[in-house]
Amino acid sequence: SNTASMAHWWVAPHPGSEAALLLGIAKVILDEGLEDRAFLERWVNWKRFLEHVGRAGASFDDFLTALRAQYAEFTPEWVARECGVEAELVRTLGREIGAARGAFASHVWRNAASGNLGGWQVARCLQFLVVLTGSVNTPGGTQLNTANKFVAPRWTPPPPQDAWSELL
């Protein structure tokens with residue numbers, strides 16, 4: 001594709017394993033302390049997460065420890081077996097995305113999200129990387145749906161309906 005031709009890396013995991021790859025990247029970011037702590041502490045409902053896992057009243061550092069434990073199984077080696085992507089490439093991608101700090105921009109390809117059973121999890125896992133890096137609606141980051149969306153006005157708007165329809 002035109003997009004892939006301009007990319008630094010073109011990664012092709014086994015079909016349906018994209019979410020697993022993204023969770024492996026998230027694990028690298030968490031394990032190597034590349035997350036944007038200030039963003040997470042301010043914008044993530046980490047206290048509620050700690051309540052959910054039975055650790056109400058714990059600190060933000062406890063939250064990060066619990067988060068690392070939550071994603072412990074998604075090692076680069078596990079990703080390599082599951083996705084067919086080399087473990088060292090998973091580490092490299094995690095480090096590069098983690099280093100982006102507020103400037104990680106991503107886009108969910110519709111086929112990954114809708115073409116596989118549970119594929120909508122791809123969008124959730126990709127957004128997890130955006131949040132971990134503090135790249136939500138930041139310069140160079142992933143913009144919110146309406147932050148910079150241009151919708152051109154129609155040249156000639158369609159006429160209003162002149163008959164009743166239950167479908168409308």
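Scroll up a little and you will see the structure.
**As for the environment of A58**
No. 1: Along the chain, A58 turns up in the loop between α4 (46-52) and α5 (60-70).
No. 2: In the structure, A58 is positioned 26 residues away from E32 in sequence and 22 Å away in space, judged by C-alpha atoms.
No. 3: In contact with A58, other than residues within four places in its own chain, are W46 and L50.

**Thoughts on the packing of aromatic side chains**
No. 1: Tallying each qualifying case throughout the model produces 7 aromatic pairs.
No. 2: Centre to centre, the rings of Y71 and F74 are 6.2 Å apart; their planes meet at 40 degrees, and the pair counts as tilted.
No. 3: With 5.1 Å between their ring centres and 35 degrees between their planes, Y71 and F128 make a pair best called tilted. Residue Y71 is located in the loop between α5 and α6 (76-83), and its partner F128 is located in helix α9 (residues 120-132); the two are separated by 57 residues in the primary sequence.

**Describing the packing of helix α2 (residues 18-31) against α9**
No. 1: Between α2 and α9, the least distance of the axes is 8 Å, while the angle of their chain directions is 20 degrees. Classified by the angle their axes make, α2 and α9 are roughly parallel. Of the two possible hands of crossing, α2 and α9 adopt the one that is left-handed. Residues E18, A19, L22, L23, I25, A26, I29 and L30 of α2 form the contact with α9, whose own contacting residues are Q121, V122, C125, L126, F128, L129 and L132.
No. 2: Its residues placed into classes, the contact of α2 with α9 shows 13 nonpolar, 1 polar and 1 charged.

**Notes on α9**
Structural remark: α-helix, 3.6 residues per turn; residues separated by three or four positions point the same way.
No. 1: Compared with the 18 Å implied by 1.5 Å per residue over 13 residues, the 19 Å span of α9 between its first and last C-alpha is a close match.
No. 2: Of all the positions in α9, only V122, C125, L126, F128, L129, V130 and L132 are classed as buried.
No. 3: Residue G134 follows α9 closely and has a positive phi angle near 65 degrees.

**Observations regarding the pattern of salt bridges**
No. 1: Summed over the entire model, instances satisfying the criterion amount to 10 salt bridges.
No. 2: R91 serves as the salt-bridge partner of E88, at 3.5 Å between the closest nitrogen and oxygen. In this pair, E88 and R91 are both assigned in helix α7 (residues 87-99), 3 residues apart and thus about one turn of the helix distant.
No. 3: We classify E88 as partly exposed; its relative accessible area is 44%.

**What to know about the nonpolar core**
No. 1: Of all hydrophobic cores here, the largest spans 36 residues; its most connected members are I25, F63, L67, F128, L129 and L132.
No. 2: Counting only elements with at least two residues in this core, the list comes to α2, α4, α5, α6, α7 and α9.
No. 3: For this core, the element with the most residues is α2, which contributes 10 residues.

**Notes on unusual backbone geometry**
No. 1: Look at R101: it is not a glycine, yet its phi comes out positive at around 35 degrees.
No. 2: Mapped onto the secondary structure, R101 falls in the loop between α7 and α8 (110-114).
No. 3: Classification of R101 by relative accessible area gives partly exposed; the value is 43%.

Rules behind the numbers
- Residues numbered from 1 in each chain as written.
- Predicted model: local features only at pLDDT ≥ 70, side-chain atom pairs only at ≥ 80, totals over all residues.
- Heavy atoms only, no water.
- Helix = DSSP H or I, 4+ residues; strand = E, 2+ residues; numbered from the N terminus.
- Contact = heavy atoms within 4.5 Å.
- Phe/Tyr/Trp six-rings, centres within 6.5 Å; stacked < 30°, edge-to-face > 60°.
- Axes fitted to C-alpha atoms, helices over the stretch in contact; angles between N-to-C directions.
- Parallel < 35°, antiparallel > 145°, perpendicular 65-115°, else oblique.
- Left-handed = near helix turned anticlockwise from the far one by under 90°.
- Nonpolar A, V, L, I, M, F, W, Y, C, P; charged D, E, K, R; others polar.
- Expected span 1.5 Å × (residues − 1).
- Buried < 20%, exposed > 50% of the residue type's maximum accessible area, 1.4 Å probe, protein only.
- Salt bridge = Lys/Arg side-chain N within 4 Å of Asp/Glu carboxyl O.
- Core = buried A, V, L, I, M, F, W, Y, C linked by side-chain atoms within 4.5 Å.

Note that every value here comes from positions in space, so none of it alone points to a role or purpose.
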